[in-house]
Amino acid sequence: MPERIEWLDDGTAGGSPFSPRFGDRYRSELGGLDQAKEVFLKGCGLPGAWAGQPQWTVLETGFGLGLNFLVTWAAWKADPQRPRLLHFVSTEAFPASAADVLRSARTHPELIPFAEQLQAQLWGLLPGFHRLMFEGGRLLLTLCIGDAKAMLREQLFEADSVYLDGFSPQRNPDIWDVHTFKAVARCCRRGTRIATWTIARSVRDGLAQCGFVVNKVPGIPPKRDNLQGEFNPAWEPKKAQPSPARRLPARCVVIGAGLAGAAVAASLARRGWEVVVLDAAEEPAAGASGLPAGLLAPHVSPDDNPLSRLSRHGIRATLQQAEALLQADDWGRTGVLEHAVEHPRKRPEAWQTDWADAAGDWTGPASAGQLRQCGLPPDTPALWHARAGWVHPSALVDAWLAGPGVQSHGRSRVSSMNLASGQWQVLDAQGRELARAELVVLAAGYASLELAASAATNKAGELALQAIRGQVSWGLHEPGTADALPPFPVNGHGSLVPAVPGKAGGLAWVMGSSFERDNTQAETQPEDDQHNFNRLQTLLPQTARALVAQFEPGKVQSWAGVRCATPSRLPALGPLEEGPGLWVCSGMGSRGLTFAALCGELLAAKLHAEPLPIEQRLAEALMPQHAQPALVVNS
């Protein structure tokens, strides 16, 4: 459950937030706004220090009620010399509720617009990372829920500013011990500024031991002094894994104009890249991303395996993009009921105890009412995915490709690539140059395998991709159809999206899909429509009876495409050579809508040495050489 906060009626505007766990206030007696501005923002030399920089990263220990983040956001927004991209990474072991975060900001009217946006995204905060996106993707908050030391071990970046915050060293000594300072130092470069409100001797000694040079400076009442300093050890730091060098935006060619390629193009363009997207088809989303409607629902497993965790990361990222870019007819956050046809789906035990509220934001048992709406018995094993829904994939692709900095070219079939003088030449079958750039990203689904081989890189043979043909069946609503359909999508044995607005008007239902390995042919087959209907009879018997007439020969509509998967069922994302010149983003299987936006951001983060949007161990599992059968996860 969210951390319990008591609001003390002590004469301050709105009351003073108090932590029963630590027996301490969340902010100073005179309010936290001055502390956020004077101690942390100005203590780190901001906003002056970030002026003219392409990106800036702030690391905070102890998110609390988010006041330091809101103040930093406001300062960045008001600064004409602000960096193009601001990262704010914060750890928090005991997250407060979204309502308390908003209540805390209400005493500061200038922060309320920012706090309301923050509140809207503070849901589902299970242990681990949560990437929240603001200002069109130019302000990124990475909330790391868990012990600060453990969370920082899952990151690999260099902070420019550090806010050391948290309850007092006497009340919460763990966040002020030398092990935490070592974890912070691991995320610092020489010259990283650091600031905090405490001047405790143990804190000063611990920081000095970890390479920080700090000094006492005049504080704000009621405190007489604060600490400021920088990371400047007298020795050369030795890191188990050196931080990657930050890369400046340049030119990039993305091969493939489906979900994967469009997401990569959008993420890089937001960071200032000039991106050219090439596709063999005449229009974008002509391959597997062109299906009439796709589902967006998390994977659930009792051990919360990598696929389950990655699916939640991806859904959060896709929902952010859909809310920002799509029209109401292009998607719907309707929730999805998962009918566990083969065996009951078990959630992790911790979801039913310590983290029940956060888990409920994602997935819980389906209610009797929801089952009744599907025509299913009340004892049917089923889950309800609250933050799930459906999307027109092509609409999302078009929105990404329409962004500034992206050029998309159809009828541009790539046959080979040559590396010359640090640039990749991308050639057609006649050897004519289609484009050239310092970076090429292969996002062409199963065709990425052949393209990687044409580049003759050392790691091309490590790319394990499998073609999977799928066919969906669909039809327009007929009189009385709507009454027989559930009001939300259902999956678990195939799937049904009951109400998709058509481009020519009216509503359609979409069901499927078939799953045929090692088939690269996208032609539709009548027997697959019957296969989809047979599965619907098991998934939703009542709905199947209502739609049986529409499956008469010649009445049902069909669409087929070829998806691409890896043996691990996780995407393949990473470089295909020694160096940053050739990358792959592929292998998303039937979860392209779930993984594409996340993979675009992860690729950009790796290229720019930014904070990762997911835990480092999870990111490493996506490296092409790791997507092998040894890492196959349970369904």
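Here we look at the overall build of the protein
Of the regular secondary structure elements, the protein holds 18 helices and 32 strands. Taken over C-alpha atoms, the radius of gyration comes to 26 Å for the protein, in line with the 26 Å a tight globule of 635 residues would show. Dimensions of the protein along its principal axes, counting C-alpha atoms only, are 85 × 65 × 45 Å. Considering the protein as a whole, with its 635 residues, one finds that 57% of them fall into the buried category. For the protein, the share of sequence-separated contacts (at least 6 apart) that also reach a separation of at least 24 residues comes to 72%. As displayed, the protein offers around 25700 Å² of accessible surface, 50% of which is attributable to carbon and sulfur atoms. A gap of 4 Å separates the mean positions of the 58 positive and 63 negative side-chain charges of the protein.

Concerning the pattern of salt bridges
With the rule as written, the count across this model stands at 23 salt bridges. Here E236 makes a salt bridge to R190, at a shortest N to O gap of 3.6 Å. Here E236 is found in the loop between strand 11 (225–231) and strand 12 (251–255), whereas its partner R190 is found in strand 9 (residues 188–196), with 46 residues between them in sequence. Note that E338 is salt-bridged to R345, the shortest N-O span being 3.1 Å. Taken together, the salt bridges that share partners define one network made up of R270, R271, E601 and E610.

So, helix 4 (residues 112–121)
When we look at burial in helix 4, the residues that qualify are I112, F114, A115, L118 and Q121. Contacts made by the buried residues of helix 4 are with helix 2 (67–78), helix 3 (98–105), strand 6 (128–134), strand 7 (139–145) and helix 9 (306–325).

Details of the packing of aromatic side chains
To describe a pair of aromatic rings, you give the distance between the ring centres and the angle between the ring planes. Evaluation of the coordinates by the stated rule reveals 17 aromatic pairs. Ring geometry for F40 against Y163: centres 5.3 Å apart, planes inclined by 45°, an arrangement best described as tilted. Remark: Y163 occurs in strand 8 (residues 159–164) and F40 occurs in helix 1 (residues 33–41); sequence separation between them is 123 residues. Per residue, the accessibility class of F40 equals that of Y163, and both read buried. The rings of F40, F63, F69, W73, F88, F114, F134 and Y163 are connected pair by pair, giving a single aromatic cluster. The ring centre of W123 lies 4.2 Å from the NZ or CZ of R387, which sits over that ring.

Quick notes on the sheet that holds strand 4 (residues 55–61)
With mixed pairing, the eight strands of this open sheet are ordered in space as 6-7-5-4-8-9-11-10. The sheet is open, and its two borders are formed by strand 6 and strand 10 (212–218), each paired with just one other strand. Here the strands of the sheet are splayed against their neighbours by 20° on average, with no regard to which way each runs. As paired elements, strand 5 (residues 85–92) and strand 7 share seven bridges and run parallel to each other. Counterpart to F88 in the pairing with strand 7 is L141. Sitting on the sheet, helix 1 is in contact with strand 8, strand 9 and strand 11, with an inclination near 145° to strand 9.

What to know about the confidence of the model for the protein
The pLDDT averaged across the protein works out to 92; a share of 95% of its residues lies at or above 70. The low-confidence segment residues 629–635 (pLDDT under 50) makes 16 contacts with residues lying over four places distant or belonging to another chain.

A few points about helix 7 (residues 201–209)
Among all positions in helix 7, only V203, G206 and L207 are buried. Down the axis of helix 7, the sector holding all buried residues measures 100°, keeping them to one side. Set apart from the buried face of helix 7 by more than 90 degrees, the exposed residues are R201 and Q209. Following helix 7 by one or two positions, G211 has its phi on the positive side, about 100°.

Looking at the environment of I5
Inspection of the secondary structure puts I5 in the segment before strand 1 (6–8). A sequence separation of 150 residues divides I5 from Q155, and the C-alpha atoms of the two residues are 29 Å apart. Once residues lying within four places of it in the same chain are set aside, the contact partners of I5 are P17, F18, P20, Y26, L65, A96 and D100.

Scoring rules and cut-offs
- Residues numbered from 1 in each chain as written.
- Predicted model: local features only at pLDDT ≥ 70, side-chain atom pairs only at ≥ 80, totals over all residues.
- Heavy atoms only, no water.
- Helix = DSSP H or I, 4+ residues; strand = E, 2+ residues; numbered from the N terminus.
- Rg over C-alpha atoms; globule rule 2.2 N^0.38 Å.
- Buried < 20%, exposed > 50% of the residue type's maximum accessible area, 1.4 Å probe, protein only.
- Contact = heavy atoms within 4.5 Å.
- Areas by Shrake-Rupley, 256 points an atom, 1.4 Å probe, with all protein chains shown as cover.
- Lys, Arg positive; Asp, Glu negative; His and termini not counted.
- Charge placed at Lys NZ, Arg CZ, Asp CG, Glu CD.
- Salt bridge = Lys/Arg side-chain N within 4 Å of Asp/Glu carboxyl O.
- Phe/Tyr/Trp six-rings, centres within 6.5 Å; stacked < 30°, edge-to-face > 60°.
- Lys NZ or Arg CZ within 6 Å of the ring centre and 35° of its normal.
- Pairing = 2+ DSSP bridges.
- Axes fitted to C-alpha atoms, helices over the stretch in contact; angles between N-to-C directions.
- pLDDT = per-residue confidence, 0-100.
- Arc of directions from axis to C-beta.

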